[in-house]
Amino acid sequence: MKRRNPMVDTLLKLKGNPRACVYTEPLWGIPFNLYGPYVSIYMYSLGVNDAQIGLIVSIGMIFQIIFALLSGAITDKLGRKKTTLIFDIIAWSIPCIIWAFAQSFTYFLVAAIINSVWRVTANSWMCLMVEDANEDQLVHIYGWVHIAGLLAAFFAPLAGIFVVKFEVVPTMRILYLIAFVMMTSKFIILYIHSTETEQGSRRMEESKNESVFSLLGQYGSVFKIIIKTPETLLTLVIMLVMNICNTVNTTFWPLFITEKIGVPVKNVSLFHFMRSATMLIIYFVIIPRVNTYSFKRPLLTGFSLFILSQLLLISTPTQGYAFLIISTLLEAFSLSLINPLMDSLAVITVNPMERARIISILHVIMIGLTSPFGWIAGILSEKQRILPFVLNIVLFIIGLIFTYYLSIVLDKKSNIDVSNTMGV
């Protein structure tokens, strides 16, 4: 009997909260990835310039710091399940309506501030999905989460067709309204089919007589746990690198290929389709052979391929489609390796008893250090459009170095754990 693909096997065997989270994710991932490639072009079409786009990103991140700080306390106080429902609706449903009817810089700024609330659900949803899950399945579970978004690849060319027929602004307005309906449906369905986690119930009981601000006052002891855990600190640096590069690419890649390379706006979705389709293939072919505890080689490979993709991107001449295609394929391959492994490492390198508050603090630090880069990348892009991607190359070299040191730290810890188990 032919053995099933491990990714498919994991999907079919999911139970409880992991099943509810993964199965409903396409309702968020598909609309998000449909409008995603055109966000900066949409803003640009409505008169928002490069520097203002970067400023919106940076101000949004400042507010993300506030909500990331509150996220651990809110998640423990209200529970993973309720927090996810309430703050998902605030963070995504409301901004989608604002984006759909946006007219100027002010609309996008207000929407970015409200959207920054997603940092609360980034914490609560992650806890809801993984706390009762089998750690051996984490890479595959996160692989499916990313696949859910990549399913939009099969619909992405439709966005390009609508852009040609109706232009960018009308198309984006419709896509945002579709996103509002699909995302809101997802939040409600997930709430109905999920249950509070064991750790979430314990933290709700422990914090029921304390206010959110009282719980914030306890962050000092949690911060000490982070400082004393080198693998958590190293993971934080790698997360920071990924967050900055994701901000740069999401915001300025569409502008770069349309304004610098000369790709028609209608064809942007085709490159998005190519990237997503490639990532889907890699998730089914390569990721089944990867697990969280053997991350070194795939992560180093991923970072190296991303650096190569950025070098090709900034070397691409006007109308140089061959260079751009190869760059896009390499980037897709690299992100397929990096994304699920990084998500899994963020789970296994933190203390499980204080996961919500540790993740909260990590996000605060990460966003605080990332927030200036939206504005910085905007200034760099106005000076010369290749400069944000030169920044990406430098950051990924740093990621390579810290990945190597993280593998050394975890290897040492693993050897110590084995020795203790054997009574050595």
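To start, this report covers the structure provided alongside it.

About the criteria used
- Residues numbered from 1 in each chain as written.
- Predicted model: local features only at pLDDT ≥ 70, side-chain atom pairs only at ≥ 80, totals over all residues.
- Heavy atoms only, no water.
- Axes fitted to C-alpha atoms, helices over the stretch in contact; angles between N-to-C directions.
- Helix = DSSP H or I, 4+ residues; strand = E, 2+ residues; numbered from the N terminus.
- Parallel < 35°, antiparallel > 145°, perpendicular 65-115°, else oblique.
- Left-handed = near helix turned anticlockwise from the far one by under 90°.
- Contact = heavy atoms within 4.5 Å.
- Nonpolar A, V, L, I, M, F, W, Y, C, P; charged D, E, K, R; others polar.
- Salt bridge = Lys/Arg side-chain N within 4 Å of Asp/Glu carboxyl O.
- Buried < 20%, exposed > 50% of the residue type's maximum accessible area, 1.4 Å probe, protein only.
- Patch = residues over 30% accessible without salt bridge, like charges linked within 9 Å, V, L, I, M, F, W, Y side chains within 5 Å.
- Areas by Shrake-Rupley, 256 points an atom, 1.4 Å probe, with all protein chains shown as cover.
- Phe/Tyr/Trp six-rings, centres within 6.5 Å; stacked < 30°, edge-to-face > 60°.
- Lys NZ or Arg CZ within 6 Å of the ring centre and 35° of its normal.

### Quick word on the packing of helix α8 (residues 118–130) against helix α9 (residues 138–150)
How two helices sit against one another is set out by the angle between their axes and by the gap between those axes. For the pair α8 and α9, interaxial distance at closest approach is 12 Å and the crossing angle is 130°. Taken together, the axis directions place α8 and α9 in an arrangement best described as oblique. As α8 runs across α9, the sense of the crossing is right-handed. Counted together, Trp125, Met126, Met129 and Val130 of α8 and Leu138, Ile141, Tyr142 and Val145 of α9 form the full contact between these two elements. Of the residues in the contact of α8 with α9, the class split is eight nonpolar, no polar and no charged.

### Quick look at the pattern of salt bridges
By the definition in use, this model includes 11 salt bridges. One salt bridge connects Asp9 with Lys13, and the closest N-O pair in it is separated by 3.2 Å. Here the residue Asp9 and the residue Lys13 both occupy positions in helix α1 (residues 6–13), the gap between them amounting to four residues, near one helical turn. Linking Lys208 and Glu205 is a salt bridge whose minimum nitrogen-to-oxygen distance equals 2.9 Å. Judged by its relative accessible area of 48%, Glu205 is partly exposed.

### Considerations on a nonpolar patch on the surface
Together, Leu151, Phe154, Phe155, Leu158, Ile161, Phe162, Phe166 and Phe273 make up a nonpolar patch on the protein surface, roughly 730 Å² of accessible area in all. The leading source of residues in the nonpolar patch is helix α10 (residues 156–166), at four residues. With respect to the helices, strands and loops of the structure, Phe162 is situated in helix α10.

### Considerations on the packing of aromatic side chains
If you walk through the whole model with that rule in mind, you get 16 aromatic pairs. Between Tyr35 and Tyr176, the ring centres sit 4.6 Å apart and the planes meet at 45°, which makes this aromatic pair tilted. Here Tyr35, found in helix α3 (residues 26–35), pairs with Tyr176, found in helix α11 (residues 168–193); they are 141 residues apart in sequence, far enough to count as distant. As far as the burial class goes, Tyr35 and Tyr176 line up, both buried. For the pair Phe303 and Phe396, a centre-to-centre distance of 5.0 Å together with 65° between the ring planes defines the contact as edge-to-face. One end of the pair, Phe303, is in helix α17 (residues 296–315); the other, Phe396, is in helix α21 (residues 387–421), with 93 residues separating them in the sequence. One exposure class covers both Phe303 and Phe396, and it is buried. Connected via pairs of aromatic rings, a cluster forms that spans Trp28, Phe32, Tyr35, Tyr42, Trp92, Trp99, Phe108 and Tyr176. The cationic tip of Lys81 hangs over the ring face of Tyr191; the distance from NZ or CZ to the ring centre is 4.7 Å. The ring of Trp253 carries Arg275 above its face, with NZ or CZ at 4.5 Å from the centroid.

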